[in-house]
Amino acid sequence: MSYRIGLVGKPSVGKSTFFNAATMNDVPEGAYPFTTIDPTVGEAYVRVDCAAPEFDETCTPSVGVCREGTRFVPVKLVDVAGLVPGAHEGRGLGNQFLTDLNETDVLIHVVDFSGKTDIEGEATEGHDPREDIDFLEEELDAWYLDVLEKGLEKFETRYHGADAAIEAELADQMSAFGIDKDRMKRVILAEGLELDPETWDETDKADLAREIRKRTKPMVVAANKMDTPEAQANWEEITADPDYDHLSFVPASAHAEKALKNADDAGVVDYTPGDSDFEVVGDVSGEQAAGLDQIGEFVHEYDGTGVQGALEEAVFDVLGCIAVFPGSANGSKDEKGVFRDCFVLPEGSTTEDFAFHIHSDIGEGLLHGTDCRSGRQVGADHELSHRDVIELVSTKQAAP
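Residues numbered from 1 in each chain as written. Predicted model: local features only at pLDDT ≥ 70, side-chain atom pairs only at ≥ 80, totals over all residues. Heavy atoms only, no water.

What follows covers the overall build of the protein chain. Across its full length, the protein chain carries 12 helices and 16 strands. For the protein chain, buried positions account for 50% of its 400 residues. Sequence separation of 24 or more characterises 67% of the internal contacts of the protein chain that already satisfy a separation of 6 or more. Accessible surface computed for the protein chain: about 18500 Å², of which carbon and sulfur atoms make up 44%. (Helix = DSSP H or I, 4+ residues; strand = E, 2+ residues; numbered from the N terminus. Buried < 20%, exposed > 50% of the residue type's maximum accessible area, 1.4 Å probe, protein only. Contact = heavy atoms within 4.5 Å. Areas by Shrake-Rupley, 256 points an atom, 1.4 Å probe, with all protein chains shown as cover.)

Attention shifts here to the sheet that holds strand 16 (residues 388–394). Read from one edge to the other, the open sheet built from 5 strands follows the order 13-10-16-14-15, with strand pairing classed as mixed. Looking along the sheet, the strands with just one partner apiece sit at the ends: strand 13 (343–345) and strand 15 (377–378). Bridge count between strand 10 (residues 322–326) and strand 16: 3 bridges; the pairing is parallel. Its bridge partner lying in strand 16, valine 324 is registered against aspartate 388. Relative to the sheet, helix 11 (residues 351–358) contacts strand 10, strand 13, strand 14 (366–371), strand 15 and strand 16, its axis offset from that of strand 13 by approximately 130°. (Pairing = 2+ DSSP bridges. Axes fitted to C-alpha atoms, helices over the stretch in contact; angles between N-to-C directions.)

Counted by the stated rule, this structure contains 10 aromatic pairs. With 5.6 Å between their ring centres and 85° between their planes, tryptophan 143 and tyrosine 144 make a pair best called edge-to-face. Note on accessibility: tryptophan 143 and tyrosine 144 belong to one class, buried. When the ring of tryptophan 235 is compared with that of phenylalanine 249, the centres are 6.4 Å apart and the planes differ by 90°; the resulting orientation is edge-to-face. Within this pair, whereas tryptophan 235 is found in helix 7 (residues 229–238), its partner phenylalanine 249 is found in strand 7 (residues 248–251), the two being separated by 14 residues in sequence. Each member of the pair, tryptophan 235 as well as phenylalanine 249, carries the same accessibility label: buried. Ring pairing ties together the aromatic residues Phe55, Phe325 and Phe339, which thus form one cluster. (Phe/Tyr/Trp six-rings, centres within 6.5 Å; stacked < 30°, edge-to-face > 60°.)

On to the confidence of the model for the protein chain, then. Looking at the protein chain as a whole, the pLDDT averages 89, with 88% of positions reaching at least 70. Here residues 27–37 is a poorly scored stretch, pLDDT under 50, and it has 29 contacts once near neighbours within four places are set aside; other chains count. (pLDDT = per-residue confidence, 0-100.)

It is at 11 Å that the axes of helix 8 (residues 254–265) and helix 9 (residues 286–302) come closest, and there the two elements cross at 120°. Considering the angle they form, helix 8 stands oblique to helix 9. Seen from above, helix 8 lies across helix 9 with left-handed handedness. Across the interface between the two elements, Ala256, Ala259 and Leu260 of helix 8 pack against Leu292, Ile295 and Val299 of helix 9. (Parallel < 35°, antiparallel > 145°, perpendicular 65-115°, else oblique. Left-handed = near helix turned anticlockwise from the far one by under 90°.)

The next thing to look at is the environment of glycine 304. Looking at the element boundaries, glycine 304 is found in the loop between helix 9 and helix 10 (307–318). Residue glycine 304 is classed as buried on the basis of its relative accessible area of 2%. Taking the C-alpha atoms as reference points, glycine 304 and phenylalanine 278, separated by 26 residues in sequence, lie 9.9 Å from one another. Leave out the neighbours within four places in its chain, and glycine 304 touches Gly274, Asp275, Ser276, Phe298 and Val299.

Further remarks concern the nonpolar core. Counting 53 residues, the largest nonpolar core has Phe113, Met174 and Phe249 as the members making the most contacts within it. The element that contributes the greatest number of residues to this core is helix 3 (residues 129–159), accounting for 9 residues. If we skip the residues at most four places from it in the chain, phenylalanine 113 touches Pro129, Ile133, Val221, Ala223, Asn224, Met226, Glu230, Ala231, Asn234, Trp235, Ile238 and Phe249. Judged by nonpolar contacts, the second largest core, of 40 residues, contains Phe18, Val48, Val73 and Ala310. (Core = buried A, V, L, I, M, F, W, Y, C linked by side-chain atoms within 4.5 Å.)

Rendered as structure tokens:
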């Protein structure tokens, strides 16, 4: 199972360019609404320091690649179409947009920080990117509130005057958002509300819906077109605004990332995605050299193009995921290769979770794990850490 990152943004902000840069897929790009109609799924990668060198080994990845000790582990990137004001009311692709969005674990909102596209995605000057950030959150909040209110209506109809748990009813209504009754109860109480919806006013309901959305659909803002002075000025203002403290921002230039990957493929530069520099190794014209110089200044200033950074911010910082390597008693090898796999797991995952993630048979027969660095035996309920190398000892083997 790979995590699914939803890529969203209004038309013409560079969302498809970002997707292509991250996945090197050939998705149409254009300055008009709904260049992408159906969600496009591609394979992107997050970086993890490979464990193999610590065991004097050279890894042989079954998926992804390893470049100079950096493992590129696959995740799914979903280019979701249809974000326009009023999507929750059916504008644009409406409900299809929301359904596609809900099949993702975390969102990257691509925003044109240069302010050169208006709220509808049309060319303009001086547009405030705050409007774009706000309208996506408002669309999602309105969607969540609508689902929440349907749950409240059902609760009132079914249990009026009866002793029933509101958190169970709301969790059932909002289960598509990945929230259970215990988590729902925690959110309600964290908002300072009673477990009695008759005591809630309209503001309470709206605030609750927003908090559920923030917890179940976390978001990274990719501040795109940051290689322009207008975007850099907007960055300074917006990231200093306390109204946006709940969001993670990553400065980005999808255009620069795609240009570098194309140049690397062509043998013109030596570039590893996510790096803050690159080396020109091929013949280039004067115009190409000037363009690469500009990109070089940008990636040095912002520690990369931001495309790789946004993916990793979403997976490791916002979701809090960890990467774990399966190992053997000597830390690395099995009959199929050396450090073949690296898995991205939810924060708080245990040895048992890891076993079931690899295969249900291994999980069902799990005896214990072994920390391959220390040689220490760890139990099924042992909480794993990022970059752990764990051997799983089980009475059962995975089915072929």
